[in-house]
Amino acid sequence: NLNLSHANELGVLPMSKEDLLKNSDIISIHLVLGERYKNLISKKEFEMMKKTSFLINTSRGHIINENDLINALKDERIAGAGLDVFGAEKKLKTELLDLPNTILIPHMGSATVEGRIEMGEKVIVNIKTFIDGHNPPNRII
């Protein structure tokens, strides 16, 4: 649920996905992957975007239909894309590599000094907690 008064305080303009796609110069995606968001951006959405739009995805690869993205970039339906996530991380579509209007980097959201220090500190706390006979606070399973 969107709290309109909070949105106004932040200077955020609520709008539909369609309006956002039709009016934005830069579309940056920040979502978790779930069936609900799989292929959220595909041919239909690319057709709504401005020819001068740039699409950035740093969340999950399957949110964008890569074949439709490749076609949109080849046909200059959008100006460009920046990706650090892909549908198949180990089998990147080579067509993406050959396109002049893409920037592709490896998914490395935690590759900052601060992120690495925080991860190391969590490992230390987990190990010490386990050695002391307790359940670690950041346990995955």
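Above: the structure in question.
Described in the following lines is the structure provided in the data block. This structure is a prediction, so every number in the text was calculated from the model and none was measured.

Criteria and cut-off values
- Residues numbered from 1 in each chain as written.
- Predicted model: local features only at pLDDT ≥ 70, side-chain atom pairs only at ≥ 80, totals over all residues.
- Heavy atoms only, no water.
- Helix = DSSP H or I, 4+ residues; strand = E, 2+ residues; numbered from the N terminus.
- Rg over C-alpha atoms; globule rule 2.2 N^0.38 Å.
- Buried < 20%, exposed > 50% of the residue type's maximum accessible area, 1.4 Å probe, protein only.
- Areas by Shrake-Rupley, 256 points an atom, 1.4 Å probe, with all protein chains shown as cover.
- Lys, Arg positive; Asp, Glu negative; His and termini not counted.
- Charge placed at Lys NZ, Arg CZ, Asp CG, Glu CD.
- Salt bridge = Lys/Arg side-chain N within 4 Å of Asp/Glu carboxyl O.
- Pairing = 2+ DSSP bridges.
- Axes fitted to C-alpha atoms, helices over the stretch in contact; angles between N-to-C directions.
- Patch = residues over 30% accessible without salt bridge, like charges linked within 9 Å, V, L, I, M, F, W, Y side chains within 5 Å.
- Core = buried A, V, L, I, M, F, W, Y, C linked by side-chain atoms within 4.5 Å.
- Contact = heavy atoms within 4.5 Å.

## Some thoughts on the overall build of the protein chain
Okay, step 1: Of the regular secondary structure elements, the protein chain holds six helices and four strands.
Okay, step 2: Rg of the C-alpha trace for the protein chain: 19 Å, well past the compact-globule value of 14 Å for 141 residues, more than 25% over.
Okay, step 3: Oriented by its inertia axes, the alpha-carbon framework of the protein chain measures out at about 60 × 45 × 30 Å.
Okay, step 4: Within the protein chain, the fraction of its 141 residues that count as buried is 29%.
Okay, step 5: Taken as a whole, the protein chain presents about 10,000 Å² of accessible surface, with 57% of it coming from carbon and sulfur.
Okay, step 6: With 18 positive and 19 negative side-chain charges, the protein chain shows a spacing of 5 Å between the two charge centroids.

## What about the pattern of salt bridges?
When the charged atoms of two side chains with opposite charge come close together, those side chains can pair.
Okay, step 1: Per the stated rule, a full pass over the model turns up five salt bridges.
Okay, step 2: The partner of Asp-25 in a salt bridge is Lys-50, and the shortest N-O contact between them spans 2.7 Å. Of this pair, Asp-25 sits in the loop between helix H2 (17-23) and strand E1 (26-29) while Lys-50 sits in the loop between helix H3 (43-48) and strand E2 (54-57), and the two are 25 residues apart along the sequence.
Okay, step 3: The salt bridge involving Lys-74 is made with Glu-95; its shortest N-O contact spans 2.7 Å. On the criterion of sequence distance, the pair formed by Lys-74 in helix H4 (residues 66-74) and Glu-95 in helix H5 (residues 94-98) is long-range, its members being 21 residues apart.

## Overview of the sheet that holds E1
Okay, step 1: Taken together, the four strands give an open sheet; going across it, the order is E1-E2-E3-E4, and neighbouring strands pair in parallel fashion. Two strands in the sheet have a free side with no partner beyond their single neighbour: E1 and strand E4 (102-104). The sheet shows a mean angle of 10 degrees between the axes of neighbouring strands, taken without regard to direction.
Okay, step 2: By the bridge criterion, four bridges tie E1 to E2 in an arrangement that is parallel. By the bridge assignment, Ser-28 is partnered in E2 with Ile-56.

## Some details on a nonpolar patch on the surface
Okay, step 1: On the surface, Val-123, Ile-127, Phe-130 and Ile-131 cluster together into a nonpolar patch covering about 440 Å² of accessible area.
Okay, step 2: For Ile-127, the position within the fold is in helix H6 (residues 113-131).

## Considering the nonpolar core
Okay, step 1: In this structure, Ile-41, Phe-46, Met-49, Leu-55, Ile-64, Leu-69 and Ile-78 are the most contacted members of the largest nonpolar core, which totals 20 residues.
Okay, step 2: Looking at this core, the elements that each hand over two or more residues are E1, H3, H4 and strand E3 (80-83).
Okay, step 3: Each residue touching Ile-64, except ones within four places of it in the same chain, is listed here: Ile-29, Asn-39, Ile-41, Phe-46, Leu-55, Asn-57, Leu-69 and Leu-83.

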